[in-house]
There are 2 protein chains.
Amino acid sequence: MASHIVSSYEDELKFIVRRISEMGGQAERMLEQAVTALVRGDTALAQSVIADDVILDAAQREVDEKAIMTIGKRQPMAIDLREIVGAIRISSDLERIGDLAKNIAKRVLAVHNHAQPNQLVRGIEHLSELAVDQLKDVLDAYGARDHERAITVRDNDEEIDAVYTSIFRELLTYMMEDPRNITSCTHLLFSAKNIERIGDHATNIAETIFYIKTGQEMEADRPKKDRSATVTQKSLEEAAEGTAG
Amino acid sequence: MASHIVSSYEDELKFIVRRISEMGGQAERMLEQAVTALVRGDTALAQSVIADDVILDAAQREVDEKAIMTIGKRQPMAIDLREIVGAIRISSDLERIGDLAKNIAKRVLAVHNHAQPNQLVRGIEHLSELAVDQLKDVLDAYGARDHERAITVRDNDEEIDAVYTSIFRELLTYMMEDPRNITSCTHLLFSAKNIERIGDHATNIAETIFYIKTGQEMEADRPKKDRSATVTQKSLEEAAEGTAG
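What you see is a predicted model; the values in this text were computed from it and never measured.

Okay, the interface of chain A and chain B next. Often, the extent of an interface is quoted as the loss of accessible area on bringing the components together. Chain A puts 40 residues into the contact, and the matching count from chain B is 40 residues. Counting the surface lost from both chain A and chain B, the interface buries some 3400 Å², and carbon and sulfur atoms represent 62% of this. Viewed at the interface, chain B and chain A are joined by two salt bridges. For glutamate 217 of chain A, the salt bridge identified is with arginine 61 of chain B, shortest N-O distance 3.7 Å. In this structure, the connection of chain A to chain B is made through zero residue pairs in polar contact (both at pLDDT 80 or more). Elements that contribute at least two residues to the side of chain A that touches chain B include exactly helix H2 (43-74), helix H3 (78-111), helix H5 (147-177), helix H6 (182-214) and helix H7 (233-239) of chain A.

Set out below in structure tokens:
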């Protein structure tokens, strides 16, 4: 790239990267607050998470516009182009994380009057902590353009999948014990699924960092430990023997 | 835009638009087949839907690359730029629809041995038909760059949300009647949610068509009829009076 336009391209990229880092902080906060609201039945906090989602939507739109303008104006090549394309992808993942956090917050209204067993609440808090950690790690990896660290983040998603599957089984067992738990457990099930999806978006971001740094896509094959889609009645009944009502 | 490069930009756009139309056809097919597999317990068909997802992933990547290249090379402005940006957004929505269809297909293995009541199966088929219609309509609107029709598609999403909410309530009621239904109904619940999400992606595509044609974003406020997030135990018990076991 000719040096007389470097500083300008750099300025534009810096702006975009700063916006993404703000979006990342916002997405983290929304997830933490949504789960806190869920656990405590705090409907006011839930409402504030729902309201905050527009900030991420607007930021994504802004990153998109800036990125497209930069491509048209500067015609960046190779890593410079990948930086801009990567920014578009990452801001889209962060926006989706905001949507998922908002979705959890919306369920708070339905479950806040129903006491949940401690074990379940702890499980969901744990899942959420894992997802927040993944998000922090992947945003750090982005800040440092550290693709080795991005690979680690991608591999750690397994743990989220495994914890989610175990929560899925616990929730189903709890529903079977007492049908009065079904509605609130269903909302918790969707909330847990949303957190698991947030983990997937952190993985997407990790893959984008790898692409920015290397120009290659990460290998698609990785072990998936979300086995919830294959949980059957039989497997649950065996596991819950003697407790299902 | 200078006339000497017009034909080349047009060729590139034509290529991208053709790819998107192929992706749309593929996404429709995957949804239809996933729901057929779910309803009939056809695990072979489910496996083929799961395998087909890579086609959409590859197509999206190709559209992205082509689009970015075109922006860099041709520096399109105004509607020409919006066409390319719109293509990137639409291919991303179609790829997500493929993921959601794959997710339904994955659940077939868990539920195929468990007979579902006809009413539930009919409900999910109906929901899926609505989503397929939305997808067909929005792809036609894209082909014709018809933003009036896109507004209609966006407004019709209400019906999907309303049908989804009613299936959500039915599934929960059915789970309460007999805890042995809980596992398979949970998988159906997630499947129904995936179909409802596919409707949201059709809406996104409608909004993108509006943006391409007008350069404006559609108004964000529209009535949402997915009330499932606020369904409570009490509201269900009142509705299911006398049937909950």
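Residues and elements named next belong to chain A. Here histidine 201 is to be found in helix H6. When its relative accessible area of 4% is taken as the criterion, histidine 201 is described as buried. For histidine 201, the contacting residues outside a window of four places in its chain are Asp93, Arg96, Ile97 and Leu100.

All names here are of chain A. Taking the numbering used here, the UniProt-annotated feature "domain: PhoU" (unreviewed entry) corresponds to residues 20-108 and 124-208. End-to-end, the C-alpha atoms of residues 20-108 are 28 Å apart, and along that stretch the chain is 94% helix and 0% strand. The span residues 124-208 shows a helical share of 92% and a strand share of 0%, and its end C-alpha atoms are spaced 28 Å apart.

In screw terms, the move from chain A to chain B is a rotation of 180° and a rise of 0.0 Å along the axis, fitting with an RMSD of 0.0 Å. What the rotation and shift describe, once combined, is the action of a two-fold rotation axis. Residue glycine 72 of chain A, judged by its C-alpha, is the member of chain A lying nearest the rotation axis, at 2.7 Å. Residue by residue, 100% of the interface of chain A is reproduced at the interface of chain B, so both copies engage with the same surface.

Let's shift gears to the nonpolar core. The biggest cluster of nonpolar side chains holds 147 residues, and the ones touching the most others in it are Leu94 of chain A together with Leu94 of chain B. Residues contacting leucine 94 of chain A, with those up to four places away along its chain left out, are Ile20, Met23, Gly24, Ala27, Leu56, Leu135, Leu139 and Ile205 of chain A.

Residues and elements named next belong to chain A. Backbone geometry places glutamine 75, a non-glycine residue, at a positive phi of 45°. Locating glutamine 75 in the fold gives a position in the loop between H2 and H3. Of the residues examined, glutamine 75 reaches a relative accessible area of 33% and is grouped as partly exposed.

This brings us to the packing of aromatic side chains. The tally for this structure, following the rule as stated, stands at five aromatic pairs over all chains. Taken together, the ring pairs in this structure connect Tyr164, Phe168 and Phe190 of chain A together with Tyr164, Phe168 and Phe190 of chain B into an aromatic cluster. Sitting over the ring of tyrosine 211 of chain A, arginine 89 of chain A keeps its end group 4.6 Å from the ring centre.

Turning our eyes to something else, we now look at the state of the cysteines. This model, assessed by the stated rule, comprises zero disulfides over all chains. Counting only cysteine sulfurs, cysteine 185 of chain B is the nearest neighbor of cysteine 185 of chain A, a cysteine outside any disulfide, at a range of 15 Å. With a relative accessible area of 0%, cysteine 185 of chain B lands in the buried category.

The rules behind each value
- Residues numbered from 1 in each chain as written.
- Chains lettered and ligands numbered in written order.
- Predicted model: local features only at pLDDT ≥ 70, side-chain atom pairs only at ≥ 80, totals over all residues.
- Heavy atoms only, no water.
- Contact = heavy atoms within 4.5 Å.
- Buried area = accessible area lost by both parts, 1.4 Å probe.
- Salt bridge = Lys/Arg side-chain N within 4 Å of Asp/Glu carboxyl O.
- Polar contact = N/O pair within 3.5 Å; in protein donor to acceptor, adjacent residues only side chain to side chain.
- Helix = DSSP H or I, 4+ residues; strand = E, 2+ residues; numbered from the N terminus.
- Buried < 20%, exposed > 50% of the residue type's maximum accessible area, 1.4 Å probe, protein only.
- UniProt positions renumbered as here; feature names shortened; annotations may be inferred.
- Least-squares fit on C-alpha atoms with pLDDT ≥ 70 in both.
- Core = buried A, V, L, I, M, F, W, Y, C linked by side-chain atoms within 4.5 Å.
- Phe/Tyr/Trp six-rings, centres within 6.5 Å; stacked < 30°, edge-to-face > 60°.
- Lys NZ or Arg CZ within 6 Å of the ring centre and 35° of its normal.
- Disulfide = S-S within 2.5 Å.

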